[in-house]
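Observations on chain architecture
Chain residues, written in single-letter form:
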Amino acid sequence: MANSDLSKLKILFMYDYFKTHVNAFDQDGTVSVNEIIGYLEEKTGYTFERKSIYADISKLNEYIGMTEKVVGEDGW
C-alpha cells in the first residue's frame with residue numbers, strides 16, 4: 001500500500017492525532033501503537049501494520065525537525 005491514497009491519508013490522520021490527543025511536554029501523556037492503530041481503523045476502516053505506523057512516526061519526526069517545530073525533546 002506504499003503509494004496509495006489511503007497510506008497518504010494515514011499519515012495525515014496520524015499527524016492530526018498527535019496534534020489533538022498527545023501533549024509532547026506531558027511525560028505521562030504517552031500513547032501506544034495499538035491506540036494509534038485503533039484510531040486509524042476508526043477513521044479509515046482499515047487496519048494498518050505496526051511497521052508502517054513506526055515508519056510514519058519516523059517521517060513525522062523528520063518533518064518536525066526540518067520545519068523546526070517544537071514538539072518534545074525526542075519528537076513523537
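Please refer to the structure higher up on the page.
First, a word on scope: everything that follows refers to the structure included in this document. (Residues numbered from 1 in each chain as written. Predicted model: local features only at pLDDT ≥ 70, side-chain atom pairs only at ≥ 80, totals over all residues. Heavy atoms only, no water.)

Side note on the pattern of salt bridges
Condition: Take a side-chain nitrogen of Lys or Arg and a carboxyl oxygen of Asp or Glu: if they are within 4 Å of each other, that pair is a salt bridge. Per the convention used, a helix needs a DSSP run of H or I reaching at least four residues, while a strand needs a run of E reaching at least two, with both numbered from the N terminus. Burial classes follow relative accessibility: with a 1.4 Å probe on protein chains only, a residue under 20% of its type's maximum area counts as buried, one over 50% as exposed, and anything between as partly exposed.
A full pass over the atoms with the stated rule returns two salt bridges. Between Lys-10 and Asp-56 there is a salt bridge, and its shortest N-O distance comes to 2.8 Å. With Lys-10 in helix α1 (residues 5–21) and Asp-56 in helix α3 (residues 50–67), this pair connects stretches of sequence that are 46 residues apart. The residues Lys-10 and Asp-56 share a single accessibility class, namely buried.

Overview of the packing of helix α2 (residues 33–44) against α3
Definition in use: To define axes, lines are fitted to C-alpha atoms, for helices over the stretch in contact only, and angles between the resulting N-to-C directions are given on a 0 to 180 degree scale. Orientation labels follow simple angle bins: below 35 degrees gives roughly parallel, above 145 gives roughly antiparallel, 65 to 115 gives roughly perpendicular, and whatever is left gives oblique. Any pair of residues with heavy atoms lying within 4.5 Å of one another is described as a contacting pair. Polarity classes work like this: nonpolar for Ala, Val, Leu, Ile, Met, Phe, Trp, Tyr, Cys and Pro, charged for Asp, Glu, Lys and Arg, and polar for all others, with Gly in that last group.
At a closest axis distance of 10 Å, the pairing of α2 and α3 adopts a crossing angle of 100 degrees. Comparing the axis directions of α2 and α3 gives the class roughly perpendicular. Of the residues in α3, those touching α2 at Val-33, Asn-34, Ile-36, Ile-37 and Leu-40 are Arg-50, Ile-53, Tyr-54 and Ile-57. A breakdown of the residues in the contact of α2 with α3 according to their chemical character gives seven nonpolar, one polar and one charged.

Points about the packing of aromatic side chains
Here is the rule: Ring geometry is summarised as follows: Phe, Tyr and Trp rings, the Trp one being its six-membered ring, pair when their centres sit within 6.5 Å, and such pairs are stacked at plane angles under 30 degrees, edge-to-face over 60 and tilted between the two.
If you walk through the whole model with that rule in mind, you get four aromatic pairs. Relative to Tyr-63, the ring of Tyr-15 lies with its centre 6.1 Å away and its plane at 80 degrees, an arrangement referred to as edge-to-face. Taken together, the residues Tyr-15 in helix α1 and Tyr-63 in helix α3 connect sequence positions 48 residues apart. Plain terms: the ring middles of Tyr-17 and Phe-18 are 6.1 Å apart, the flat faces sit at 75 degrees to each other, and that makes the pair edge-to-face. Each member of the pair, Tyr-17 as well as Phe-18, carries the same accessibility label: buried.

Here we look at α3
Stated formally: Multiplying 1.5 Å by the helix residue count minus one yields the expected span of that helix. Throughout, the arc means the angular range of directions from the helix axis out to the C-beta atoms.
For α3, built from 18 residues, the straight-helix expectation of 26 Å at 1.5 Å per residue is met to within 8% by its first-to-last C-alpha distance of 26 Å. For α3, the full list of buried residues reads Ile-53, Asp-56, Ile-57, Leu-60 and Ile-64. Burial along α3 is one-sided: seen end-on, the buried residues are contained in an arc of 105 degrees. Among the exposed residues of α3, those pointing more than 90 degrees away from its buried face are Lys-51, Gly-65 and Met-66. Tucked inside the fold, the buried residues of α3 contact α1 and α2. Following α3 by one or two positions, Glu-68 has its phi on the positive side, about 60 degrees.

Remarks on the side chain of Lys-10
The following threshold applies: Polar contact is defined as a pair of N or O atoms within 3.5 Å, subject to the rule that within protein one atom must be able to donate a hydrogen and the other to accept it, and that residues adjacent in sequence are counted only when both atoms are side-chain atoms.
Overall, the relative accessible area of 4% leaves Lys-10 in the buried class. Separated by 2.8 Å, the side chains of Lys-10 and Asp-56 make a polar contact. Those residues in contact with Lys-10 that sit more than four places away from it in its chain are Leu-40, Phe-48, Ser-52, Ile-53 and Asp-56.

These values are about where atoms sit, not about what they do.
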